[in-house]
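Report on the structure
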Amino acid sequence: EAEVAQSPRYKITEKSQAVAFWCDPISGHATLYWYRQILGQGPELLVQFQDESVVDDSQLPKDRFSAERLKGVDSTLKIQPAELGDSAMYLCASSLAGNHNEQFFGPGTRLTVL
Amino acid sequence: SQQGEEDPQALSIQEGENATMNCSYKTSINNLQWYRQNSGRGLVHLILIRSNEREKHSGRLRVTLDTSKKSSSLLITASRAADTASYFCATDAPDSNYQLIWGAGTKLIIKP
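Residues numbered from 1 in each chain as written. Chains lettered and ligands numbered in written order. Predicted model: local features only at pLDDT ≥ 70, side-chain atom pairs only at ≥ 80, totals over all residues. Heavy atoms only, no water.

**As for the sheet that holds strand S8 (residues 75-79) of chain A**
Residue and element names in this part refer to chain A. Read across the open sheet, the four strands follow the order S1-S3-S8-S7; overall the sheet is antiparallel. Either end of the sheet is taken by a strand with one partner, and the two such strands are strand S1 (5-7) and strand S7 (65-68). Strand-to-strand, the axes of this sheet are offset by a mean angle of 15 degrees, without reference to chain direction. Pairing geometry for S7 and S8, over four bridges, is antiparallel. Note on S8: the bridge partner recorded for Phe65 is Ile79. (Pairing = 2+ DSSP bridges. Helix = DSSP H or I, 4+ residues; strand = E, 2+ residues; numbered from the N terminus. Axes fitted to C-alpha atoms, helices over the stretch in contact; angles between N-to-C directions.)

Here is the structure:
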């Protein structure tokens, strides 16, 4: 069964350092999402891609966060510099373009900023 | 921002009993989905119900949707230990580029 891959699974860093997360969506899925999930809450959308284009990044803190999907396949989310409040689970999801919008999630990257 | 609100926040029942979780939302929707999240498998899609549907079944799951009350319920029948997880509802609104807005989830614990 095809799955969304994410790495690393866990990341511990010190504040002011740079971190990067990688996501490989299910083959053929044109839409890719990055979410942040704080413990005890639902996911919050950070950025949505359709192929290589950003559809929505209105909730992405652009002073420190960046995301790219250069070839419309895998994607990288970067934080520089990391802050204590960035500690969270970062989830990547993908979906087929269309109105069913069932999203398939990767296992996530648990980020801890010290 | 979170559109959906699940109720209760936490639910603990005996194995074999039925579990009911509710979700309320604020704006008009195209679809409402339920997802499950546990430490073993991450977030997994359970069921999608369209705005013009009132009830949907999938195995031991039954979902209802009342658009007049902007609410949905998820019923899990004959619960099992493996159903222990957090359950989230997520909605997408017209003209939203199919973006999902998520609730805070219901934490379900099934006691053996």
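**Section: the pattern of salt bridges**
Under the criterion given, the structure shown has seven salt bridges over all chains. With a shortest N-O distance of 3.9 Å, B:Lys56 and B:Glu53 are connected by a salt bridge. Taking the relative accessible area as the measure of exposure, B:Lys56 reaches 29% and is therefore partly exposed. Take B:Glu53: its relative accessible area is 23%, and that puts it in the partly exposed class. Between B:Arg62 and B:Glu55 there is a salt bridge, with its nearest N and O atoms 3.2 Å apart. The exposure class of B:Arg62 is partly exposed, given its relative accessible area of 30%. Judged by relative accessible area, which is 39%, B:Glu55 ranks as partly exposed. Because the salt bridges share partners, they merge into one network encompassing A:Arg64, A:Glu83 and A:Asp86. (Salt bridge = Lys/Arg side-chain N within 4 Å of Asp/Glu carboxyl O. Buried < 20%, exposed > 50% of the residue type's maximum accessible area, 1.4 Å probe, protein only.)

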